[in-house]
Amino acid sequence: MNDEEIAAKRSLIERWFPVRYLYLRNGDDVRACALSPGRQCLIAVAAVLFSAWTLIASGGLIFDLITNSQADSAVIRARAASERVNADLQARLDSAVVRMTTTTGSIDDMATMVERRHAALTNVMGMFHGVDGAEMALRPALPENTAGRSPVQRILAVRLDQERLIARAEEVSQTRAERLRLAFRLAGLNPSAYAATGPGLGGPLVEARDPRALAAVLDVDEAFAVRIRHAADNLNDMRRLADAAEGLPFRRPTQARTTSSFGVRFDPFNRRPALHQGQDFAAPLNTPIYATAPGVISFVGVRSGYGNTVEIDHGRGFKTRFAHLNSMAVTSGQQIALGQRIGAMGTTGRSTGVHLHYEVWMNGRPQNPARFMKAGDQLVQQE
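Just so you know, these numbers come straight off a predicted model, no measurement behind them.

The rules behind each value
Residues numbered from 1 in each chain as written. Predicted model: local features only at pLDDT ≥ 70, side-chain atom pairs only at ≥ 80, totals over all residues. Heavy atoms only, no water. Helix = DSSP H or I, 4+ residues; strand = E, 2+ residues; numbered from the N terminus. Buried < 20%, exposed > 50% of the residue type's maximum accessible area, 1.4 Å probe, protein only. Contact = heavy atoms within 4.5 Å. Areas by Shrake-Rupley, 256 points an atom, 1.4 Å probe, with all protein chains shown as cover. Salt bridge = Lys/Arg side-chain N within 4 Å of Asp/Glu carboxyl O. Pairing = 2+ DSSP bridges. Axes fitted to C-alpha atoms, helices over the stretch in contact; angles between N-to-C directions. Polar contact = N/O pair within 3.5 Å; in protein donor to acceptor, adjacent residues only side chain to side chain. Phe/Tyr/Trp six-rings, centres within 6.5 Å; stacked < 30°, edge-to-face > 60°. Lys NZ or Arg CZ within 6 Å of the ring centre and 35° of its normal. Core = buried A, V, L, I, M, F, W, Y, C linked by side-chain atoms within 4.5 Å. pLDDT = per-residue confidence, 0-100.

**Comments concerning the overall build of the protein**
The helix and strand tally for the protein stands at 10 helices and 15 strands. Within the protein, buried positions represent 33% of all 383 residues. Relative to all contacts within the protein whose residues are 6 or more apart in sequence, the contacts with residues 24 or more apart total 66%. Surface accessibility of the protein: about 22800 Å² in total, with carbon and sulfur atoms responsible for 56%.

So this is what it looks like as structure tokens:
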């Protein structure tokens, strides 16, 4: 840059920011402070940065207010939907009461209808055998004092309890199935791909897909058959997803704190960006390490950079790797159970300190272990 260009730039700056004087008076003492063009430029830049920060902060506050407002609206809509469902159920029960009290059929006809529904409910309730908490949730109501009540009133009370039971069966199966689907989505997996595999439950609930056919098989009204079909479908999905989840690496290898996550980070040795294909946990030497899912030990030994390593094949294309171990408590080909101790934390291999390097692989590609552990936390909450 020649002298003429430098002079031109100085002239432009002095034109925008000429020398200004700031006079400070203290009694009779007057002092003058000169503001040079350079100082005025710094003040102007600071003012611009402060204004920009103010605009960004204000925008963030407005965005948070809008987001919170939308969340409140969603809660209100969900609450209104729940109230509508409850109102619909109550309306169905009221309608059943009216039909039962105004029927012209005999007591024998009403009793036969109740018996048929009871047989269908017994079929459904049997499907919930072994589901944690289902027995308590689906327990029939204690019979009220029937003294002085007519046969019609007693039959009506049984009918209303049947309505309550099928509603609870729908709720239990759907709620648990949705929680399992959420856990699979948290792990980045498609729940439909796992719910669609495996044998279905037997009996007429599986064979008869059409509501009319199911109503004919169970010898009940079609509306009641539809509700039974819905509860059975959700229960099928729930059991298949639960069975699949038991074989996937959803649990934590250790309760130690996380020191490095999955993704690009600066390599601790050469300080260059590199892909970190697992998650690191730090704890004292010889902290126990546990299997995150059942499987077969596919490798035990030393791998370059990993040090002492244990690898487990869980099937379905899933594999887990545990590296930098101080000791290993398993052998290659050994069947391993969920939560079984496989070794102890160490600092072997390319390591800067005592820690566990944990990887999850699916179909030959590394996955983010944090997603799978988050799914496991979701499953633990619903147990």
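**Digging into the pattern of salt bridges**
Applying the stated criterion across every chain, the model contains six salt bridges. Where Asp 377 meets Arg 252, a salt bridge forms, and the shortest distance between an N and an O atom there is 3.0 Å. Residue Asp 377 is found in helix 10 (residues 369–382), and its partner Arg 252 is found in the loop between helix 9 (222–246) and strand 3 (257–260); the two are separated by 125 residues along the sequence. Of the residues examined, Arg 252 reaches a relative accessible area of 31% and is grouped as partly exposed.

**Some remarks on the sheet that holds strand 7 (residues 288–290)**
Across the sheet, which stays open at both edges, the three strands sit in the order 7-13-11 with antiparallel pairing between neighbours. Strands at the two margins of the open sheet, each flanked by one partner only, are strand 7 and strand 11 (325–328). In this sheet, adjacent strand axes meet at a mean angle of 35° when their direction is disregarded. Pairing of strand 11 with strand 13 (residues 341–345) involves three bridges; the strand directions are antiparallel. Within the sheet, the bridge partner assigned to Ser 327 lies in strand 13 and is Ala 344.

**Digging into the side chain of Thr 287**
The topology assignment puts Thr 287 in the loop between strand 6 (279–282) and strand 7. Overall, Thr 287 belongs to the buried group, its relative accessible area being 17%. There is a polar contact of 2.6 Å between the side chain of Thr 287 and the backbone oxygen of Pro 284. The residues touching Thr 287, leaving out its near neighbours within four places in the chain, are Thr 254, Gly 343, Ala 344 and Met 345.

**What to know about unusual backbone geometry**
Of note, Arg 316 is a non-glycine position whose phi angle comes to about 55°, a positive value. If you trace the backbone, Arg 316 turns up in the loop between strand 9 (307–315) and strand 10 (318–323). Classification of Arg 316 as partly exposed rests on a relative accessible area of 49%. Notably, His 324 is not glycine yet its phi reads approximately 65°, a positive angle. Mapping His 324 onto the fold places it in the loop between strand 10 and strand 11.

**Digging into the packing of aromatic side chains**
One pass over the structure, following the stated rule, counts six aromatic pairs. With 5.2 Å between their ring centres and 40° between their planes, Phe 322 and Tyr 358 make a pair best called tilted. Of the two residues, Phe 322 sits in strand 10 while Tyr 358 sits in strand 14 (residues 355–362), which places them 36 residues apart along the sequence. Site record: aromatic cluster; members linked through ring pairs are Phe 184, Tyr 194, Phe 250, Phe 318 and Phe 372. Just above the ring of Phe 299 sits the side chain of Arg 303; from NZ or CZ to the centre is 3.9 Å. Here Lys 319 stacks its cationic end above the ring of Trp 361, 5.6 Å away from the centre of that ring.

**Regarding the nonpolar core**
Counting 38 residues, the largest nonpolar core has Phe 184, Leu 189, Phe 250 and Ile 342 as the members making the most contacts within it. Contributing elements (two or more residues each) for this core: helix 5 (151–186), helix 6 (191–195), helix 9, strand 9, strand 10, strand 13, strand 14 and helix 10. Sorting elements by how many residues they give to this core places helix 9 first, with five residues. Residues within four places of Leu 189 in sequence aside, it is in contact with Phe 184, Tyr 194, Leu 248, Phe 250, Phe 318, Met 362 and Phe 372.

**Side note on the confidence of the model for the protein**
Residues with a pLDDT of 70 or more make up 62% of the protein, whose mean pLDDT is 75. This stretch, residues 198–208, has a pLDDT under 50; its non-local contacts, to residues over four places away or in other chains, come to 28 contacts.

**Here's the deal with the side chain of Thr 309**
With respect to the helices, strands and loops of the structure, Thr 309 is situated in strand 9. Overall, Thr 309 belongs to the buried group, its relative accessible area being 0%. There is a polar contact of 2.9 Å between the side chain of Thr 309 and the backbone oxygen of Gly 307.

**Details of the environment of Ala 283**
Among the secondary structure elements, Ala 283 is positioned in the loop between strand 6 and strand 7. Judged by its relative accessible area of 19%, Ala 283 falls in the buried class. Measuring from C-alpha to C-alpha, the distance between Ala 283 and Leu 356 comes to 8.3 Å, with 73 residues separating the pair along the chain. Excluding anything up to four places from it in sequence, Ala 283 contacts Ala 256, Met 345 and Val 354.

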